[in-house]
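Each chain is listed here by its residues.
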Amino acid sequence: MGQVGIDTPLAREVLDRVRSIPTGFVATYGDICPQAPRFAGAALAACDDPTVPWQRVVRAGGALAKGARQRRLLEAEGVPFKAGHVDMDVAWFLLDSP
């Protein structure tokens, strides 16, 4: 996959969906962009906008893509963990369909 531009309609939609995840909750890359979860990850990686709470996007099953830094940010928001992963039974935020 080439470099993702964040000034495309799909990238803007991805970033808007990430902004809609409330504090203390998470969504998965697949929730953010069901048709292209890897695109969601690439768009977040290319974005440096501090209004986009990238830490609230996790892998399916609650695994963290960005490790300890992401975990610290999520714990500070009150996101619960179980066995090293986000407790998706408690913290998963169901987004509206795109």
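Now for a quick tour of the structure. From a predicted model like this one, the values you see are computed outputs, not experimental measurements.

Thresholds applied
- Residues numbered from 1 in each chain as written.
- Predicted model: local features only at pLDDT ≥ 70, side-chain atom pairs only at ≥ 80, totals over all residues.
- Heavy atoms only, no water.
- Helix = DSSP H or I, 4+ residues; strand = E, 2+ residues; numbered from the N terminus.
- Rg over C-alpha atoms; globule rule 2.2 N^0.38 Å.
- Buried < 20%, exposed > 50% of the residue type's maximum accessible area, 1.4 Å probe, protein only.
- Lys, Arg positive; Asp, Glu negative; His and termini not counted.
- Charge placed at Lys NZ, Arg CZ, Asp CG, Glu CD.
- Phe/Tyr/Trp six-rings, centres within 6.5 Å; stacked < 30°, edge-to-face > 60°.
- Lys NZ or Arg CZ within 6 Å of the ring centre and 35° of its normal.
- Salt bridge = Lys/Arg side-chain N within 4 Å of Asp/Glu carboxyl O.
- Polar contact = N/O pair within 3.5 Å; in protein donor to acceptor, adjacent residues only side chain to side chain.
- Contact = heavy atoms within 4.5 Å.
- Arc of directions from axis to C-beta.

### Section: the overall build of the protein chain
Then, in step 1: Counting its regular elements, the protein chain contains five helices and four strands.
Then, in step 2: Taken from the N to the C terminus, the helices and strands of the protein chain come in the order α-β-α-α-β-α-β-β-α.
Then, in step 3: Relative to its length of 98 residues, the protein chain is compact, with a C-alpha radius of gyration of 13 Å against a globular reference of 13 Å.
Then, in step 4: Considering only C-alpha atoms, the protein chain reaches an extent of 35 × 25 × 25 Å along its principal axes.
Then, in step 5: Looking at the protein chain as a whole, 40% of its 98 residues qualify as buried.
Then, in step 6: Side-chain charges of the protein chain comprise 11 positive and 11 negative groups, with the mean position of each set lying 7 Å from the other.

### Considerations on the environment of glycine 30
Then, in step 1: Topologically, glycine 30 is positioned in helix α2 (residues 29–32).
Then, in step 2: Between the C-alpha atoms of glycine 30 and glutamate 77, which are 47 residues apart in sequence, the distance is 22 Å.

### Structural notes on the packing of aromatic side chains
Then, in step 1: One pass over the full model with this rule turns up one aromatic pair.
Then, in step 2: The ring of phenylalanine 81 has arginine 71 sitting right over it, with the charged end atom 4.0 Å from the ring centre.

### Considering the pattern of salt bridges
Then, in step 1: One pass over the structure, following the stated rule, counts seven salt bridges.
Then, in step 2: In this structure, glutamate 75 engages arginine 71 in a salt bridge whose closest nitrogen and oxygen atoms are separated by 2.8 Å. Here glutamate 75 and its partner arginine 71 are both found in helix α4 (residues 67–76), four residues apart, which amounts to about one turn of the helix.
Then, in step 3: Here the salt bridges share partners, and the residues they tie into one network are Asp16, Arg19 and Asp49.

### Let's talk about the side chain of glutamate 77
Then, in step 1: Tracing the backbone through its elements, the reader meets glutamate 77 in the loop between α4 and β3 (81–82).
Then, in step 2: Reaching out from glutamate 77, the side chain makes a polar contact with the side chain of arginine 56 at a distance of 2.9 Å.
Then, in step 3: Sequence-distant contacts of glutamate 77, that is, excluding residues within four places in its chain, are made with Thr23, Gly24, Gln55 and Arg56.

### A short note on helix α3 (residues 37–46)
An α-helix turns once per 3.6 residues; consequently, residues spaced three or four apart project the same way.
Then, in step 1: Looking at α3, one finds that the buried residues are Phe39, Ala40, Ala43 and Leu44. Down the axis of α3, the buried side of the element spans an arc of 135 degrees, and every buried residue falls inside it. Along α3, the residues that are exposed and aim more than 90 degrees away from the buried face are Arg38 and Ala45.
Then, in step 2: Looking at the buried side of α3, the elements it contacts are α1 (9–19), α2 and β2 (57–58).

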